[in-house]
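Descriptive analysis of the structure
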Amino acid sequence: MGHESAQAGSGARERLLLRFRILDSDGNGYLDESDFDRLATRVLSAVGEPRGSAKGQAVVNGHRRFWAGLRATLDADGDGRISREEYLARLGDPGDAEHTVTDYATSVAALVDRDDDGYVERDDFLTCMTASGFARANSEAVFEELDESGHGRIAVDHWAAAIVDWYRSERTDIPGHVLVAPTPDP
């Protein structure tokens, strides 16, 4: 993944804001280590995976590495947390901010492959996405984008790559950008 700011569309800021909101799991306006632990716990609980299992530990460790990478790159004032302003300061220059997202993405996608067949089923995908804080309607649209075969499942590695792309790219023509779209009122 190279520097993609030239491909950044008008939705790049909105996607950064959504990413920040999702990662700020306690909503206090800062990212810190506890946010990532809370996110890992939410996803593990939603899919019924024990924290101490191999998959559970991979998810916890993936979240921790993701946090450590963000902190090392974006914590400009060295206070051990990332403000919204620090996070948004990287707009248009993805650089290395999310370079540690790969372990996070791989572990989450593998976790949601409940039967270890290499595929994530639609219901499991939606459970994970909504537990992570994404709107269900938008998550359904993402699943449809990723389910290229139309069989109601997506390959684990395909989803993991899409997660990485969503966090590392500022492009608006990738699967998952629809997560930024407003959701209709129920």
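None of these values were measured; they are calculated from a predicted model. (Residues numbered from 1 in each chain as written. Predicted model: local features only at pLDDT ≥ 70, side-chain atom pairs only at ≥ 80, totals over all residues. Heavy atoms only, no water.)

1. With respect to the overall build of the chain
- Scanning the chain from terminus to terminus reveals 8 helices and 4 strands.
- Secondary structure elements of the chain occur, N-terminal to C-terminal, as α-β-α-α-β-α-α-β-α-α-β-α.
- A burial count over the chain gives 46% of its 186 residues as buried.
- Contacts spanning at least 24 positions in sequence make up 67% of the contacts within the chain whose residues lie at least 6 apart.
- Working note: accessible area of the chain is about 8500 Å², and carbon and sulfur atoms make up 48% of it. (Helix = DSSP H or I, 4+ residues; strand = E, 2+ residues; numbered from the N terminus. Buried < 20%, exposed > 50% of the residue type's maximum accessible area, 1.4 Å probe, protein only. Contact = heavy atoms within 4.5 Å. Areas by Shrake-Rupley, 256 points an atom, 1.4 Å probe, with all protein chains shown as cover.)

2. Here's the deal with the packing of aromatic side chains
- Inspection of the entire model under this criterion finds 10 aromatic pairs.
- Between Phe 20 and Tyr 87, the aromatic rings sit 5.7 Å apart at their centres with planes inclined by 50°, giving tilted as the arrangement. Separated by 67 residues along the polypeptide, Phe 20 in helix α1 (residues 12-23) and Tyr 87 in helix α4 (residues 84-88) bring together distant segments of the chain. No difference in accessibility class separates Phe 20 from Tyr 87, as the two residues are buried.
- Seen from their ring centres, Phe 125 and Trp 159 are 4.7 Å apart, and the 55° between their planes marks the pair as tilted. Remark: Trp 159 occurs in helix α8 (residues 156-168) and Phe 125 occurs in helix α6 (residues 122-132); sequence separation between them is 34 residues. (Phe/Tyr/Trp six-rings, centres within 6.5 Å; stacked < 30°, edge-to-face > 60°.)

3. Description of the nonpolar core
- Leu 23, Tyr 87, Phe 125, Trp 159 and Tyr 167 are the most contacted members of the largest nonpolar core, which totals 48 residues.
- Of all elements in the fold, only α1, α2 (33-47), α3 (54-74), α4, α5 (101-112), α6, α7 (136-146) and α8 reach the threshold of two or more residues within this core.
- At 8 residues, the largest contribution of residues to this core is made by α8.
- Non-local contacts of Leu 23, meaning those with residues more than four positions away in its chain, are made with Leu 31, Asp 35, Phe 36, Leu 39, Phe 66, Leu 70, Tyr 87 and Tyr 167. (Core = buried A, V, L, I, M, F, W, Y, C linked by side-chain atoms within 4.5 Å.)

4. Some remarks on the side chain of Arg 15
- Its place among the elements puts Arg 15 in helix α1.
- Taking relative accessible area as the criterion, Arg 15 reaches 1% and is therefore assigned buried.
- For Arg 15, the contacting residues outside a window of four places in its chain are Asp 165, Trp 166, Ser 169, Glu 170, Arg 171, Thr 172, Ile 174, His 177 and Val 180.

5. Concerning the pattern of salt bridges
- Here the structure, examined in full by the defined rule, presents 12 salt bridges.
- Lys 55 is the salt-bridge partner of Asp 116, the closest N and O atoms lying 2.7 Å from each other. Of this pair, Asp 116 sits in the loop between α5 and β3 (119-121) while Lys 55 is found in helix α3, placing the two residues 61 residues apart along the sequence.
- For Asp 116, a relative accessible area of 55% corresponds to the exposed category. (Salt bridge = Lys/Arg side-chain N within 4 Å of Asp/Glu carboxyl O.)

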